[in-house]
Amino acid sequence: MSAAVIGAGLIGADLATKITRSEHLDLGLVVGRDVSTPGLHRLAKAGLPVTSDGVQALVERDEPFDVVFDATTATAHAEHDRLLAPYSCLVVDLTPSQVGRMIIPTVNGLDALSYRNVNMVSCGGQAAIPVLHAVAARHRIDYAEIVTTAASASIGRSTRLNLDEYIDTTQDAVREFSSVGEVKVMVNLSPAKPPVRFRVALTLLGADLTEESVRAAVGPVVERMRVFAAGYDVVTCSVADGRAFIAVEVAASGDRIPRYAGNLDLINSAALHVAEQYAAVHLSTVGAEMS
């Protein structure tokens, strides 16, 4: 299926590179708004199809793309969604806009088959919610605190503009997927050198939490996450006095981003996984109809 990426920043450029290796998606275009954008220039130099004509380059095509990834800002996405609404494409939103159905691949990934627009929440949400959802399935969780730490060098301009939306969207997604009433999300952008690896720390208060039960819930999550995010790992899991502490770290797979930028790698890998599942189902359906 044909795919396009809106945005050529840190997230968009890495995502475009990942799509070129997909078995189910064919990268047709990377859309930017400024020909001098460094990411757009690097992608063009690598031989990838790019344009600086903005989202209009998508809506003016004779044949629309099957999948469109939006790696811009939450505010911009609302307008992009409006412009793309008349076309029969899956819109995968990597901004914290909450315009579409929120998706966590290991929790409700197949929902992408039923919605035109899907939202990938945030990198912190993609790291924390699979773990929290698994623990909440075994225990009543009364309070969840999620602290995301990422290297400043891994945070592009669009993400910095979206920090308020990032926190709100992550909190809403935690409530939806875990039924925890009281949620607090915080973000630390670390200027440390060498840069720190992407890390999400969860503190949970709930009923009958034991280290044995929490570890039993968390273990299978790591295996499921590594299907599409090989660098995902739970590095700490402990329980004391009814309080569980779980720390997740994600190392990037390389590509166009450094190892410490697991935040970028995780949300891109999750978005690509959802789109590939969507494409695989639709391509198999077309094949069955043709046969």
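Cut-off values and rules
Residues numbered from 1 in each chain as written. Predicted model: local features only at pLDDT ≥ 70, side-chain atom pairs only at ≥ 80, totals over all residues. Heavy atoms only, no water. Core = buried A, V, L, I, M, F, W, Y, C linked by side-chain atoms within 4.5 Å. Buried < 20%, exposed > 50% of the residue type's maximum accessible area, 1.4 Å probe, protein only. Helix = DSSP H or I, 4+ residues; strand = E, 2+ residues; numbered from the N terminus. Contact = heavy atoms within 4.5 Å. Pairing = 2+ DSSP bridges. Expected span 1.5 Å × (residues − 1). Bend = angle between axes of the 7 residues up to and from the residue. Phe/Tyr/Trp six-rings, centres within 6.5 Å; stacked < 30°, edge-to-face > 60°. Lys NZ or Arg CZ within 6 Å of the ring centre and 35° of its normal.

### Considering the nonpolar core
Counting 82 residues, the largest nonpolar core has Leu25, Phe69, Val92, Val135, Tyr232 and Ile246 as its most contacted members. When residues in this core are grouped by element, the largest group, 10 residues, is from helix 10 (residues 262-290). In this structure, Val92 is in contact with Val67, Val68, Phe69, Asp70, Val118, Met120, Ala271 and Ala275, ignoring residues within four places of it in sequence.

### Considering the pairing of strand 11 (residues 232-240)
Pairing analysis gives 8 bridges linking strand 11 to strand 12 (residues 243-250), with the strands arranged antiparallel. The residue of strand 12 that forms the bridge with Ser238 is Phe245. Where strand 11 folds back on strand 12, the antiparallel hairpin that results is connected by 2 residues, among which Asp241 adopts a positive phi of roughly 55 degrees.

### Things to note about helix 6 (residues 123-136)
Taking 1.5 Å per residue as the helical rise, helix 6 with its 14 residues ought to reach 20 Å, and the 20 Å between its terminal C-alpha atoms agrees with that figure. Its maximal kink placed at Ile129, helix 6 deviates by approximately 35 degrees, while the proline Pro130 follows within four residues. In terms of burial, helix 6 is a largely internal element, 12 of the 14 residues being buried. Every buried residue of helix 6 is accounted for by Cys123, Gly124, Gly125, Gln126, Ala127, Ala128, Ile129, Pro130, Val131, Leu132, Ala134 and Val135.

### Thoughts on the environment of Val214
Structurally, Val214 is set in helix 9 (residues 211-225). Sequence separation between Val214 and Ala3 is 211 residues, and the spatial gap between their C-alpha atoms is 39 Å.

### Observations concerning the packing of aromatic side chains
According to the stated counting rule, one finds 0 aromatic pairs in the structure shown. It is Arg61 that lies over the ring of Phe65; its NZ or CZ is 3.9 Å from the centre.

### Comments concerning the sheet that holds strand 1 (residues 2-6)
Ordered in space as 3-2-1-4-5-7-6, the 7 strands form an open sheet in which the pairing is parallel. Pairing within the sheet leaves two strands with one partner each, and these edge strands are strand 3 (50-51) and strand 6 (101-102). Pairing of strand 1 with strand 4 (residues 67-70) involves 4 bridges; the strand directions are parallel. Its bridge partner lying in strand 4, Ile6 is registered against Asp70.

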